[in-house]
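Architecture and fold: a report
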Amino acid sequence: PFYLVLCLDLMEHMYVDDIDKVINEILRVSKRWIFLQIATINSDTNESGYIIKKDENIQVKLEGMAVAGHVTVQNKQFWINKLMINRENKWKLREDKVSEFIKKTPNNVIDNWMKNTIIILEKV
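Another aspect to go through is the overall build of the protein. Scanning the protein for helices and strands turns up 5 helices and 6 strands. Starting at the N terminus and walking to the C terminus, you meet the elements of the protein as β-α-β-β-α-β-α-β-α-α-β. On C-alpha atoms alone, the protein measures out to a radius of gyration of 15 Å, which is about the 14 Å that the 2.2 N^0.38 rule sets for 124 residues. By principal-axis analysis of the C-alpha atoms, the protein measures approximately 45 × 35 × 25 Å. Counting across all 124 residues of the protein, residues that qualify as buried make up 39%. Taking the intrachain contacts of the protein between residues at least 6 apart in sequence as the baseline, contacts between residues at least 24 apart amount to 76%. Approximately 7900 Å² of the protein is accessible, and the part contributed by carbon and sulfur atoms is 51%.

Reading the values: rules and limits
- Residues numbered from 1 in each chain as written.
- Predicted model: local features only at pLDDT ≥ 70, side-chain atom pairs only at ≥ 80, totals over all residues.
- Heavy atoms only, no water.
- Helix = DSSP H or I, 4+ residues; strand = E, 2+ residues; numbered from the N terminus.
- Rg over C-alpha atoms; globule rule 2.2 N^0.38 Å.
- Buried < 20%, exposed > 50% of the residue type's maximum accessible area, 1.4 Å probe, protein only.
- Contact = heavy atoms within 4.5 Å.
- Areas by Shrake-Rupley, 256 points an atom, 1.4 Å probe, with all protein chains shown as cover.

Have a look at this one:
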């Protein structure tokens, strides 16, 4: 096992059918911490996310995203639900650690990440 599993800009590249397998593997190999940075939509706007399924014809409006490999772009709550469902007694969200990380990271580094979502989990 690893003390820390770090996934930067990875999860949005996973097909929705594979997300649970990927999450289960991340949880399996992490001894204590998981740090995720995920491209997401902003829940405070009317922006809607999207899911491109394997072998699905890509809508013209999503062609640019598909070229970038972003096939599952949803809001933060979608990812928290995927990560935490039936795992609340084993893992906890650490928003305090996210805030601490943001405060310690220079603005020019963290700027782009702040347009997305950072999630930190700690094994209970």
